[in-house]
Amino acid sequence: MEVFKTIKSLQQSLSDNGQNSTLGLVPTMGALHEGHLSIVRRAKEENNQVIVSIFVNPTQFDKKEDLVNYPNTLEADLEALESIGCDYVFTPSIEEVYQGDTKSESFDFEGLDKVMEGQFRTGHFDGVATIVKKLFLITKPDKAYFGEKDYQQLLIIKKMVGLESIPIEIVAVGIYREHDGLAMSSRNTRLSQAQRLAAPEIYQTLLKSKKLFENGDLTKVKSFVKNEFIQNKELDLEYFEVAEIESLKSANEFTPNTKYRAFIAVFADKVRLIDNIALN
Ligand code: PAF
């Protein structure tokens, strides 16, 4: 496994790699867990070579304290990536990526960025699309892999490659869960014992709402979820939303032949957890 900090050295090595090889990119911010590794494994299965980027992107953080407190576990990350046969790792500095202009580009995501995560995290998706576009242009992969836990991010990235006519296939990878159903996240390690015990309730509630959704009464589904969290001492509901799977248009009633997903964001004190589920 080769590790690069500069664009020049990375591109030199990638271009030495020959024309007939396919490259899969897995963008990350490090603090890798089994969820990330499952995405890297999938990329390995589908490409000759895999590159993982590890870069904590300042422009996607709306709160400075989140950026400052973002965990750095680079040594363990590199060990884990090496052990599963990753070929390249790109760990640039902020200066290397942004060249002295640490700002987001503005994109028109046609409303995809105005709901849910976008509503609660100002500028977040412009920051995500800015860094992902930069990584795409630097590494020029054939395919790039993103987890469905950040489903809205996945749609934003698909939209961005369309807007910018970037010829990269975006591959969605299903949510990787702990044995008790909690979606894997770097933030899970920040949960107290009591919060960690309570956290599987998030996925349990999504499963129950999926069941209730079969009756087609969205008002009931929404009030059920609200009630579940009013009763939970450790978890505070930030939002629960049912939306169409491509436009993310919020659904107030069930329309036949339309696909929906339920989305949830919950606070365990200061730790924010998100999850989602396909409803039909
Ligand atoms: O999902 C993430 O870890 C980040 O948002 C990403 C896609 C690596 C961009 O910084």
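Attention here is on the structure that accompanies the text. (Residues numbered from 1 in each chain as written. Predicted model: local features only at pLDDT ≥ 70, side-chain atom pairs only at ≥ 80, totals over all residues. Heavy atoms only, no water.)

## Describing the overall build of the chain
Within the chain, the regular secondary structure consists of eleven helices and nine strands. For a compact globule of 280 residues, the expected C-alpha radius of gyration is about 19 Å, and the chain comes in at 19 Å, within 12% of that figure. For the chain, with 280 residues in total, the buried portion stands at 51%. Within the chain, contacts between residues at least 6 apart in sequence are counted, and of these 73% link residues at least 24 apart. Surface accessibility of the chain: about 14,000 Å² in total, with carbon and sulfur atoms responsible for 47%. (Helix = DSSP H or I, 4+ residues; strand = E, 2+ residues; numbered from the N terminus. Rg over C-alpha atoms; globule rule 2.2 N^0.38 Å. Buried < 20%, exposed > 50% of the residue type's maximum accessible area, 1.4 Å probe, protein only. Contact = heavy atoms within 4.5 Å. Areas by Shrake-Rupley, 256 points an atom, 1.4 Å probe, with all protein chains shown as cover.)

## Some thoughts on the sheet that holds strand β4 (residues 88–90)
Here six strands make up an open sheet; going across it, the order is β1-β4-β3-β2-β5-β6 and the pairing parallel. A strand with exactly one partner marks an edge of an open sheet, and here the two such strands are β1 (2–4) and β6 (169–173). Strand-to-strand twist in this sheet, taken as the mean axis angle between neighbours without regard to direction, amounts to 25 degrees. The pairing of strand β5 (residues 143–147) with β6 spans five bridges and is classified as parallel. Counted as the bridge partner of Lys 143 is Glu 169 from β6. On top of the sheet, helix α2 (residues 34–46) reaches β2 (23–28), β3 (49–54), β5 and β6; it is set at about 155 degrees to β5, its chief contact. Where helix α8 (residues 151–163) meets the sheet, its contacts fall on β5 and β6, and the angle it forms with β6 comes to roughly 170 degrees. (Pairing = 2+ DSSP bridges. Axes fitted to C-alpha atoms, helices over the stretch in contact; angles between N-to-C directions.)

## Side note on the environment of Glu 148
Here Glu 148 shows up in the loop between β5 and α8. Along the backbone, Glu 148 and Asp 217 are 69 residues apart, and their C-alpha atoms lie at a distance of 25 Å. Setting aside residues up to four positions removed in sequence, Glu 148 forms contacts with Leu 154, Ala 172, Val 173, Gly 174, Ile 175, Arg 261 and Asn 276.

## Some words on the packing of aromatic side chains
In total, this model carries ten aromatic pairs according to the counting rule given. Centre to centre, the rings of Phe 136 and Phe 146 are 6.4 Å apart; their planes meet at 65 degrees, and the pair counts as edge-to-face. One end of the pair, Phe 136, is in helix α7 (residues 124–139); the other, Phe 146, is in strand β5, and ten residues separate them in sequence. For Phe 136, a relative accessible area of 1% puts it in the buried group. The class of Phe 146 is buried, set by a relative accessible area of 4%. A ring pair is formed by Phe 213 and Tyr 260, whose centres lie 5.7 Å apart and whose planes are at 65 degrees; its orientation type is edge-to-face. Taken together, the positions of Phe 213 in helix α10 (residues 201–213) and Tyr 260 in strand β8 (residues 260–268) put the pair 47 residues apart, joining distant regions of the chain. You'll find Phe 213 and Tyr 260 in the same group, each marked buried. Each member of the aromatic cluster is reached from another via a ring pair, and the members are Phe 213, Phe 254 and Tyr 260. (Phe/Tyr/Trp six-rings, centres within 6.5 Å; stacked < 30°, edge-to-face > 60°.)

## Some remarks on the packing of α7 against α8
One way to put it is that α7 packs onto α8 with a least axis distance of 10 Å and a crossing angle of 55 degrees. Judged by the inter-axis angle, α7 sits oblique to α8. Between α7 and α8 lies a crossing whose hand is right-handed. Between α7, through Phe 125, Val 128, Ala 129, Val 132, Lys 133 and Phe 136, and α8, the contact on the second element is made entirely by Gln 152, Gln 153, Ile 156, Ile 157, Met 160 and Val 161. For the contact of α7 with α8, the residue count by class is nine nonpolar, two polar and one charged. (Parallel < 35°, antiparallel > 145°, perpendicular 65-115°, else oblique. Left-handed = near helix turned anticlockwise from the far one by under 90°. Nonpolar A, V, L, I, M, F, W, Y, C, P; charged D, E, K, R; others polar.)

## Quick look at α8
Look at α8: 19 Å from first C-alpha to last across 13 residues, which is about the 18 Å you get at 1.5 Å a residue. All buried positions along α8 are accounted for by Tyr 151, Gln 152, Gln 153, Leu 154, Leu 155, Ile 156, Ile 157, Met 160 and Val 161. Following α8 by one or two positions, Ser 165 adopts a phi angle in the positive range, close to 50 degrees. (Expected span 1.5 Å × (residues − 1).)

## Considerations on the site of the ligand
Near the ligand, the surroundings consist of Pro 27, Thr 28, Met 29, Asn 57, Gln 60, Ile 131, Phe 146 and Gln 153. Within the side chain of Gln 60, one N or O atom sits 2.6 Å away from an oxygen atom of the ligand. For the ligand, an oxygen atom lies 2.8 Å from a polar atom in the side chain of Gln 153. When the ligand is considered free in solution it has 280 Å² of accessible area, and contact with the protein chains removes 89% of it. (Near = heavy atom within 4 Å. Polar contact = N/O pair within 3.5 Å; in protein donor to acceptor, adjacent residues only side chain to side chain.)

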